[in-house]
Amino acid sequence: MAFIRKRGDMYYLVHNVRQEGHVRQIHLACLGRRPRISDDVVRGVASKHPFLRVDWKDLRDKASRNVVRPFENDSQYLRNLLSAIRNLHFDLADLPLQLVGLTKDRELSAQLNSSLKLLRSSLDVKLHELRKVKATDFDS
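Rules and cut-offs
- Residues numbered from 1 in each chain as written.
- Predicted model: local features only at pLDDT ≥ 70, side-chain atom pairs only at ≥ 80, totals over all residues.
- Heavy atoms only, no water.
- Helix = DSSP H or I, 4+ residues; strand = E, 2+ residues; numbered from the N terminus.
- Buried < 20%, exposed > 50% of the residue type's maximum accessible area, 1.4 Å probe, protein only.
- Contact = heavy atoms within 4.5 Å.
- Areas by Shrake-Rupley, 256 points an atom, 1.4 Å probe, with all protein chains shown as cover.
- Patch = residues over 30% accessible without salt bridge, like charges linked within 9 Å, V, L, I, M, F, W, Y side chains within 5 Å.
- Salt bridge = Lys/Arg side-chain N within 4 Å of Asp/Glu carboxyl O.
- Pairing = 2+ DSSP bridges.
- Axes fitted to C-alpha atoms, helices over the stretch in contact; angles between N-to-C directions.
- Arc of directions from axis to C-beta.

Caption draft 1: Layout of the overall build of the protein chain. Per the secondary structure count, the protein chain includes five helices and three strands. The order of helices and strands in the protein chain, counted from the N terminus, is β-β-β-α-α-α-α-α. Here the protein chain, with 140 residues, has 17% of them falling under the buried criterion. Counting only contacts in the protein chain whose residues sit at least 6 apart along the sequence, the fraction spanning at least 24 positions is 29%. Counting every atom, the protein chain has about 11500 Å² of accessible surface; 55% of that belongs to carbon and sulfur.

What follows is the structure in structure tokens.
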């Protein structure tokens, strides 16, 4: 049975196996500071360990519901997120879009365009949620 384990401030996907009467943990994947189980993680584990049966739906549910609650007691998560937002802001501000249009890799250019649109829609949703929270605070 695969499960998520926290070690330090990182999360790992591990599986226990019994060898010669001892239990040994097999490291399946590093999930990072937040245990997100992406399709890339699923494909990587399936290719490295094809005979291992994993209940991915259950693991994803546990990861999103029970395993990590980054905002409850630790503001470090928000500080790291704020730092990442600042870095992304600077990277995007410095990105010469004229050169992106001239690249020979049209697929890469299209992926950048769709990723920026997705980022914009995610920001719109979060800003809308923030406005609703602030409006509710003023009504109280």
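Caption draft 2: Summary view of a nonpolar patch on the surface. Nonpolar side chains collect at one region of the surface, where Leu78, Leu81 and Ile85 lie side by side and expose about 260 Å² of accessible area between them. Among the structural elements, Leu81 can be located in helix α3 (residues 76-94).

Caption draft 3: Local environment of the pairing of strand β1 (residues 2-7). Sheet topology note: the β1/strand β2 (residues 10-19) ladder contains six bridges and is antiparallel. Bridge pairing in β2 links Ala2 to His15. Count of turn residues in the β1/β2 antiparallel hairpin: two residues, of which Gly8 carries a positive phi of about 70°.

Caption draft 4: The environment of His15, seen in detail. Residue classification places His15 among the buried positions, given a relative accessible area of 11%. With ten residues separating them along the chain, His15 and Gln25 place their C-alpha atoms 5.5 Å apart. Leave out the neighbours within four places in its chain, and His15 touches Met1, Ala2, Arg24, Gln25, Ile26, Leu28 and Leu52.

Caption draft 5: Structural view of the sheet that holds strand β3 (residues 22-32). Taken in spatial order, the three strands make up an open sheet running β1-β2-β3, and their pairing is antiparallel. The open sheet has two edge strands with one neighbour each: β1 and β3. Going across the sheet, the axis of each strand differs from the next one's by a mean of 40°, ignoring polarity. Bridge analysis of β2 against β3 gives nine bridges, and the strand direction is antiparallel. If you follow Tyr11 over to β3, its bridge partner there is Gly32. Sheet strands in contact with helix α1 (residues 39-48) are β2 and β3, and its direction is about 145° off that of β3.

Caption draft 6: Structural view of α1. Burial in α1 covers these residues: Val41, Val42 and Val45. Take α1 and look down its axis: the buried residues cluster within an arc of 100°, on one side only. Seen from the open side of α1, the exposed residues pointing more than 90 degrees away from its buried face are Asp40, Arg43 and Ser47.

Caption draft 7: Seen up close, unusual backbone geometry. Positive phi, close to 55°, is recorded for Glu20, a residue that is not glycine. You can see Glu20 is positioned in the loop between β2 and β3.

Caption draft 8: A look at the pattern of salt bridges. Scanning all chains against the criterion turns up five salt bridges. Across the salt bridge formed by Asp40 and Arg43, the nearest N and O atoms sit 2.4 Å from each other. Separated by three residues within a single helix, Asp40 and Arg43 lie in helix α1, roughly one turn from each other. No difference in accessibility class separates Asp40 from Arg43, as the two residues are exposed. A salt bridge links Asp58 to Lys62, with the shortest nitrogen-to-oxygen separation between them at 3.3 Å.

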